[in-house]
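Fold and geometry: a report
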Amino acid sequence: MGSEPQQLTLTDMSETTGKAAAEKRIEELRRKLDRHNYLYYVLDRPEITDPEYDMLYRELVSLEERHPELITPGSPTQRIGAAPVKEFQSVRHPSRMYSLDNVFDENELKAWEERLYRQSDATPGTIDYVAELKIDGLAVSLIYENGKLVRGATRGDGMTGEDITSNIRTINSIPMSLPTPGAPGRPGDIPRRMEVRGEVFMPVESFLKLNEEQQLKGEKEFANPRNAGAGTVRQLDPRITASRNLDAFFYSLSILEGPGERVPRTQWESLELLSDLGFKINPGRAHCKDLNAVLDFIRHWDTHRKDLNFATDGAVIKVNSLGLQDVLGYTAKSPRWAAAWKYPPEIRETRVIEIEHSVGRTGVITPVAIMEPVNLSGTTVQRASLHNFDELEAKDVRKGDTVKVHKAAEIIPEVLEVVLSKRPSDARRELRPETCPICGTPTTKIGDEVALRCPNRTGCPAQQRNRLEHWVSKSAMDIDGIGPSLLEQLLDKGLVSSPADLYRLTMDDFMGLERMGEKSAENAVKAIEASKTRPLSSLINALGIRHVGKETAILLANAFPGIDELAEATLEKLTEIEGVGPQVAESIQVYFADLEHRNLIHELKELGVNTVQQPSAEDESIPKIFEGQTFVLTGTLPTLKRAEAEALIRKRGGKTSGSVSKKTDFVLAGEEAGSKYVKAQELGVKIISEEEFLSMIS
Ligand code: IVH
């Protein structure tokens, strides 16, 4: 290019000073964010407000966007957004990950202790223990090198597990880096290489929310937090893992390469060190001087475990002295120095009064057992979902039957089995409904799905109500104050039937309803008005496209500038988005092919509902260097995902297009670039690599 050499030097210089300052600020922001993250997620004792945290975070994001070369895997911004993988790599554990032997009662626990004394030369009465609640999650191993998290792996078969580092990074309570030398309260030198082990789990609250979303999406619910957690930690797309709020407790630490200033000599000291290093440790723990103290711990938590925000299936009792643990060693399968106490599951009998057929938002009909109230694991239970008619038939639950119920993972009421000896002689097999219990339309099944559906999407009052409930819900359009009972009244009065109707409601409409004063009417109208400016992802989620929940909606909103582009997207374009498979893509096309849905979008637009991706304040501050320019992307880029590259272009004023023409300014080509690359060469369009692209924007 024709610029003067002198000018070049000047630009270079200001760039270096700018860069040095940015680097310093980036470091500072990362340290601050790590600390506040720890205060919030590990200690549950935040020192700044969420908006204050967001401000620091956004500043870091925008600095890193300007200097992508300064991004490191340990940056707080890198917890989310790593590229999805096709499969996980296998990794070998530094030492075997064992399982535990169970004990079921006091006698078995005493027998275990007797063996401890026989197998060691410990003086009778001298062994102390650590009792910890047994977390019903997934065992993981994390490796830190020079204080940085470098690897996270599942237990696998004990010798080799799967590399799930990207997913582990999304767990906010897990430190990405350990306290740096010189930091106040730093627990001595951190070993060059160390391994920590613990349990990743899905908190009960996240679990209930996830299942609610699965149900809204018309997808299978998870049986318990353990399964949900396992499914989440093994997600190939870390963005999905990130959205599901996993958590983790750690219980062991081993120094693989020294030095370490503080070397724990007991399990209790290990827990203290882990905690000082910033790891979250099990709140259900006790240092017990003897087996009686262990039994007290077990009894205490048998009643209190129901109130915890995580699922536990027992307690783990460990010999406290690590030296004695070494002497005792391992059997083929488990350590001799530990035992798992299993709480017996709580099972009750009750009688089925009715089998209700409930109709969901997408028309799925679910059989639900309505039972005589029974007290189970701390609450009164009278409903249990039978999930679908295949399951109902397999369990052969009938009206009038006596059934055994329990709570899966202490949370979800579940019918285990029918007590056949108590079946009344007139109990008849349940039939699949041939028509919708609400609107009477003949039911259908789609493809090989297990679900039975009411196909009357727009006319079925149950579906209307559930659709509107979803529309106003928090993760969709978040219309505060329009709850189920208000919706019910609006539906009954015929004031609304589709989401668009909400935006036509007036003060008078509300004032005509029960228990509605001027103030509440005004609030309702305001809340509806406010929902018009929700981000594109909320709208996409609110539409209730089958298989598209909150998570997929975010992926879609990032990939398209607005709802029109999404509606027009080809299958190819949709499946190019990581995290969007053929089933989801097809479902999106089916949705937008429906004239009724197109009309809804049209109406919403007319009524002033936002249907485009709004640039954020930060985006606005990015210089629009690609104004008026068109890019075509082809092939696989080495680090950027396609949607990310497109977003980087859009935020700088550029456009992206699917095909190369004379009007194309740049073809951004990665590996295995095909015909678009050839076409660009033919037309003489400038072809750039990711590296060149990144240097253009930095
Ligand atoms: S100590 C040699 N402590 O239970 C294994 N394990 O059934 C030592 N678990 O694979 C494990 N909570 O994933 C230990 N507080 C706790 C635990 C715990 C859950 C899991 C762990 C292990 C499994 C064995």
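Residues numbered from 1 in each chain as written. Predicted model: local features only at pLDDT ≥ 70, side-chain atom pairs only at ≥ 80, totals over all residues. Heavy atoms only, no water.

**Some thoughts on the overall build of the protein**
A tally of helices and strands in the protein yields 26 helices and 22 strands. Relative to the globule expectation of 26 Å for 698 residues, the C-alpha radius of gyration of the protein, 29 Å, shows essentially globular dimensions. In terms of overall dimensions, the protein has a C-alpha envelope of 85 × 80 × 55 Å along the principal axes. A burial count over the protein gives 46% of its 698 residues as buried. If you take every contact in the protein between residues at least 6 apart in sequence, the share linking residues at least 24 apart comes to 67%. Carbon and sulfur atoms make up 51% of the accessible area of the protein, which amounts to about 34,300 Å² in all. Across the protein, the 89 positively charged side chains and the 107 negatively charged ones have centroids separated by 2 Å. (Helix = DSSP H or I, 4+ residues; strand = E, 2+ residues; numbered from the N terminus. Rg over C-alpha atoms; globule rule 2.2 N^0.38 Å. Buried < 20%, exposed > 50% of the residue type's maximum accessible area, 1.4 Å probe, protein only. Contact = heavy atoms within 4.5 Å. Areas by Shrake-Rupley, 256 points an atom, 1.4 Å probe, with all protein chains shown as cover. Lys, Arg positive; Asp, Glu negative; His and termini not counted. Charge placed at Lys NZ, Arg CZ, Asp CG, Glu CD.)

**Structural notes on the side chain of Arg 361**
Turning to its location among the elements, Arg 361 is positioned in the loop between strand 12 (348–359) and strand 13 (364–376). An unpaired buried charge is present at Arg 361: no salt bridge exists, and Glu 469, the closest side chain of opposite charge, is 9.0 Å distant. (Salt bridge = Lys/Arg side-chain N within 4 Å of Asp/Glu carboxyl O.)

**Examining the environment of Arg 453**
Relative to the helices and strands, Arg 453 resides in strand 18 (residues 452–453). For Arg 453, a relative accessible area of 4% corresponds to the buried category. On a C-alpha basis, the gap between Arg 453 and Thr 443 in space is 5.4 Å, while along the polypeptide they are 10 residues apart. Residue contacts for Arg 453: discarding those within four places in its chain leaves Thr 362, Gly 363, Val 364, Ile 365, Thr 443, Thr 444, Ile 446 and Arg 546.

**Comments concerning the sheet that holds strand 5 (residues 148–154)**
Paired through their backbone hydrogen bonds, the strands of a sheet run either parallel or antiparallel. Strand order in the open sheet made by the 4 strands is 5-4-7-8, with antiparallel pairing throughout. A strand with exactly one partner marks an edge of an open sheet, and here the two such strands are strand 5 and strand 8 (247–257). When strand polarity is set aside, the average angle formed by the axes of neighbouring strands in this sheet is 25 degrees. With 9 bridges connecting them, strand 7 (residues 193–201) and strand 8 associate as antiparallel partners. Bridge assignment links Val 200 to a residue of strand 8, and that residue is Ala 248. The strands touched by helix 6 (residues 225–233) are strand 4 (138–145), strand 5 and strand 7; relative to strand 4, the strand with the most contacts, the crossing angle is about 40 degrees. The strands touched by helix 8 (residues 267–276) within the sheet are strand 7 and strand 8, with strand 8 carrying the most contacts at an inclination of about 105 degrees. (Pairing = 2+ DSSP bridges. Axes fitted to C-alpha atoms, helices over the stretch in contact; angles between N-to-C directions.)

**A few points about the environment of Lys 148**
As for its position among the elements, Lys 148 is in strand 5. The exposure class assigned to Lys 148 is partly exposed, which follows from its relative accessible area of 41%. Spatially, the C-alpha atom of Lys 148 lies 29 Å from that of Asn 309, the residues being 161 residues apart in sequence. Discounting chain neighbours no more than four positions away, the residues touching Lys 148 are Ile 143, Met 176 and Ser 177.

**Remarks on the packing of helix 21 (residues 582–593) against helix 22 (residues 595–606)**
In contact at an axis separation of 5 Å, helix 21 and helix 22 are set at 75 degrees when each is read in the N-to-C sense. Judged on the interaxial angle alone, helix 22 and helix 21 are roughly perpendicular. The segment helix 21 lies against helix 22, with Tyr 591, Phe 592 and Ala 593 engaging Leu 595, His 597, Arg 598, Leu 600 and Ile 601. Of the residues belonging to the contact of helix 21 with helix 22, the class tally is 6 nonpolar, 1 polar and 1 charged. (Parallel < 35°, antiparallel > 145°, perpendicular 65-115°, else oblique. Nonpolar A, V, L, I, M, F, W, Y, C, P; charged D, E, K, R; others polar.)

**A word on the site of the ligand**
Contacts to the ligand come from 13 residues, most closely from Glu 132, Ile 135, Ala 139, Glu 199 and Lys 318. Separating an oxygen atom of the ligand from a side-chain N or O atom of Lys 134 is a distance of 3.2 Å. At a separation of 2.4 Å, an oxygen atom of the ligand approaches a polar side-chain atom of Glu 199. When the ligand is considered free in solution it has 520 Å² of accessible area, and contact with the protein chains removes 88% of it. Secondary structure elements with two or more residues in the shell around the ligand: strand 3 (129–135) and strand 10 (312–319). With 4 residues, strand 3 is the single largest residue contributor to the shell around the ligand. Class assignment of the residues belonging to the shell around the ligand gives a composition of 8 nonpolar, 1 polar and 4 charged. (Near = heavy atom within 4 Å. Polar contact = N/O pair within 3.5 Å; in protein donor to acceptor, adjacent residues only side chain to side chain.)

**Looking at helix 26 (residues 690–697)**
For helix 26, the full list of buried residues reads Glu 690, Phe 693 and Ile 697. The buried residues of helix 26 occupy one face: seen down the axis, they fall within an arc of 60 degrees. Where helix 26 is buried, its residues touch helix 2 (50–66), strand 19 (630–634), helix 24 (642–651), strand 21 (666–669) and strand 22 (686–688). (Arc of directions from axis to C-beta.)

**Observations concerning unusual backbone geometry**
Here the phi dihedral of Asn 245 falls at roughly 55 degrees; this positive angle occurs in a residue that is not glycine. Non-glycine residue His 387 carries a positive phi angle of around 70 degrees. Tracing the chain through its elements places His 387 in the loop between strand 14 (379–385) and helix 11 (389–395).

**Structural notes on the pattern of salt bridges**
In the structure shown here, the tally under the stated rule is 46 salt bridges. Between Lys 110 and Glu 106 there is a salt bridge; the shortest N-O distance is 3.3 Å. Of this pair, Lys 110 and Glu 106 both sit in helix 3 (residues 106–119), 4 residues apart, which is roughly one turn of the helix. The partly exposed category is assigned to Glu 106, whose relative accessible area is 35%. In this structure, the salt-bridge partner of Asp 401 is Arg 423, at a minimum N-O distance of 2.8 Å. With Asp 401 in the loop between helix 11 and strand 15 (402–408) and Arg 423 in the loop between strand 16 (412–418) and strand 17 (444–445), the pair connects residues that are 22 residues apart, well separated along the chain.

**Thoughts on the packing of aromatic side chains**
For any pair of aromatic rings, the description consists of the separation of the ring centres together with the inter-plane angle of the planes. For the coordinates displayed, the defined rule picks out 16 aromatic pairs. Ring geometry for Phe 249 against Phe 310: centres 5.1 Å apart, planes inclined by 80 degrees, an arrangement best described as edge-to-face. Of this pair, Phe 249 sits in strand 8 while Phe 310 is found in the loop between helix 9 (291–304) and strand 10, placing the two residues 61 residues apart along the sequence. Across the pair, Phe 310 and Phe 249 agree in class, each one buried. (Phe/Tyr/Trp six-rings, centres within 6.5 Å; stacked < 30°, edge-to-face > 60°.)

**What to know about the environment of Ile 281**
With respect to the element layout, Ile 281 can be found in the loop between helix 8 and strand 9 (285–288). The exposure class of Ile 281 is buried, given its relative accessible area of 13%. Separated by 130 residues in sequence, Ile 281 and Arg 151 have C-alpha atoms that sit 20 Å apart.

**Observations concerning the sheet that holds strand 3**
An order of 2-11-10-3-9 is seen for the 5 strands of this open sheet, with the pairing classed as mixed. Taken across any chain shown, the strands that pair with only one partner, and hence form the sheet edges, are strand 2 (102–103) and strand 9. On the sheet, helix 3 packs against strand 2, strand 3, strand 10 and strand 11 (338–342) and is oriented at approximately 180 degrees with respect to strand 11.

**Description of the nonpolar core**
Residues Trp 471, Ile 479, Tyr 503, Phe 510, Leu 556 and Phe 592 are the most contacted members of the largest nonpolar core, which totals 54 residues. When near neighbours in sequence (up to four residues on either side) are disregarded, Tyr 503 contacts Trp 471, Met 477, Ile 479, Ile 528, Ser 531, Lys 532, Leu 604, Leu 607 and Val 609. (Core = buried A, V, L, I, M, F, W, Y, C linked by side-chain atoms within 4.5 Å.)

**As for the pairing of strand 21**
Here strand 21 shows a buried face lined by Phe 666 and Leu 668 and a second buried face lined by Val 667 and Ala 669. For strand 19 and strand 21, the ladder comprises 4 bridges, and the chain directions are parallel. Residue pairing for strand 21: Thr 634 is matched across the bridge by Ala 669. Pairing analysis gives 3 bridges linking strand 21 to strand 22, with the strands arranged parallel. Paired with Leu 668 across the two strands is Ile 688, which belongs to strand 22.

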